[in-house]
Amino acid sequence: MARLQLIHWKESEGLARAQELRGLGHGVQYEAEIRAALTLLKEEPVDALVIDCTRLPSHGRAVAHAVRQRKSSRFVPLVFLGGDPAKLARLRKEVPDAVYAEWSDARKAIPHALAHPPRDPVVPASASAAKPLIAKLGWKEGT
């Protein structure tokens, strides 16, 4: 039995998906508030992080970046389930060592991710690193 953490943005759906993962024989922790979920990941490490991409795949990308930028969670396998393939294309380029599958294939995708954890995980650059300081502060040129 693997210990998983589920990331999902709609609580009612997240609870249902967590129950679905438990039905596959996994221990699942789910926290609807994302900051609390990332804190929980730091305090209670898991075997894999499952990110639902059926809603807000760009948020899933941001979570993946945050997880990979932390040394404490960098080697946790990432499993992205669901989502529009066209919207996931950028994420696949930025985090190619994650596992991508549909929810119907979760039974196969999660064990695959657990069996093949990232040995040299890709650490995406911070989205804010490319911005000049003026833009980060919200100032306009010439002010």
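Participant: Would you mind going over the packing of aromatic side chains in detail, with residue names and values included?
Facilitator: Applying the stated criterion across every chain yields a total of one aromatic pair. Note that Arg17 overlies the ring of Trp103, its terminal NZ or CZ placed 4.2 Å from the centroid.

Participant: Which residues make up the sheet that holds strand S4 (residues 78–81), and what values do they have?
Facilitator: Across the sheet, five strands lie side by side as S2-S1-S3-S4-S5; this open sheet has parallel pairing. The sheet terminates laterally at strand S2 (27–30) and strand S5 (99–101), the two strands that pair on one side only. Averaged over all adjacent pairs, the angle separating strand axes in this sheet is 25°, with direction ignored. Relative to S4, strand S3 (residues 48–52) runs parallel, the two sharing four bridges. If you follow Asp52 over to S4, its bridge partner there is Leu81. Along the sheet face, helix H1 (residues 11–23) touches strand S1 (3–7), S2 and S3 and points at about 170° away from the line of S2. The sheet contacts of helix H5 (residues 106–115) involve S1, S3, S4 and S5, and relative to S4 the element is tilted by about 160°.

Participant: Could you give me a rundown of empty space enclosed by the protein, with the residues and numbers involved?
Facilitator: Applying the stated criterion across every chain yields a total of one cavity of 30 Å³ or more. Considered as a void within the structure, the largest cavity measures approximately 30 Å³ in volume. Lining the largest cavity we find Arg68, Pro77, Leu78, Asp97, Ala98, Val99, Ala113, His116, Pro117 and Pro118.

Participant: Give a description of the pattern of salt bridges that names residues and reports values.
Facilitator: If you walk through the whole model with that rule in mind, you get five salt bridges. Among the salt bridges present, the one from Arg55 reaches Glu13, with a minimum N-O distance of 2.9 Å. Residue Arg55 is found in the loop between S3 and helix H3 (57–69), and its partner Glu13 is found in helix H1; the two are separated by 42 residues along the sequence. On the basis of relative accessibility, which here comes to 34%, the residue Arg55 falls in the partly exposed class. On the basis of relative accessible area, Glu13 is assigned to the partly exposed category, the value being 27%. Here Glu20 and Arg17 are joined by a salt bridge, their closest N and O atoms 3.1 Å apart.

Participant: Describe H3, and please don't skip the residues or the numbers.
Facilitator: Under the 1.5 Å per step criterion, the end-to-end length of H3 is 18 Å for 13 residues, consistent within 8% with the ideal 18 Å. Along H3, the residues classified as buried are Pro57, Gly60, Arg61, Val63, Ala64, His65, Val67 and Arg68. Elements that come into contact with the buried residues of H3 comprise S1, helix H2 (34–43), S3, S4 and helix H4 (85–94).

Participant: An account of the packing of H2 against H3 is requested, with residue identities and associated values reported.
Facilitator: The axes of two packed helices give the description: the angle between them and the distance between them. Relative orientation of the contacting elements H2 and H3 amounts to 30°, with a least axis distance of 12 Å. Taken together, the axes of H2 and H3 are roughly parallel relative to one another. The crossing of H2 and H3 is right-handed. Here H2 contributes Ile34, Leu38 and Leu41 to the contact with H3, which in turn contributes Val63, Ala66 and Val67. Partitioning the contact of H2 with H3 into residue classes produces six nonpolar, no polar and no charged.

Rules used in this analysis
- Residues numbered from 1 in each chain as written.
- Predicted model: local features only at pLDDT ≥ 70, side-chain atom pairs only at ≥ 80, totals over all residues.
- Heavy atoms only, no water.
- Phe/Tyr/Trp six-rings, centres within 6.5 Å; stacked < 30°, edge-to-face > 60°.
- Lys NZ or Arg CZ within 6 Å of the ring centre and 35° of its normal.
- Pairing = 2+ DSSP bridges.
- Helix = DSSP H or I, 4+ residues; strand = E, 2+ residues; numbered from the N terminus.
- Axes fitted to C-alpha atoms, helices over the stretch in contact; angles between N-to-C directions.
- Contact = heavy atoms within 4.5 Å.
- 1 Å grid on protein atoms, 1.4 Å probe; cavity = no way out; pocket = protein on both sides within 12 Å on 5 of 7 lines; lining within 4 Å.
- Points joined across faces, edges and corners; volume = space filled by probe spheres on them.
- Salt bridge = Lys/Arg side-chain N within 4 Å of Asp/Glu carboxyl O.
- Buried < 20%, exposed > 50% of the residue type's maximum accessible area, 1.4 Å probe, protein only.
- Expected span 1.5 Å × (residues − 1).
- Parallel < 35°, antiparallel > 145°, perpendicular 65-115°, else oblique.
- Left-handed = near helix turned anticlockwise from the far one by under 90°.
- Nonpolar A, V, L, I, M, F, W, Y, C, P; charged D, E, K, R; others polar.

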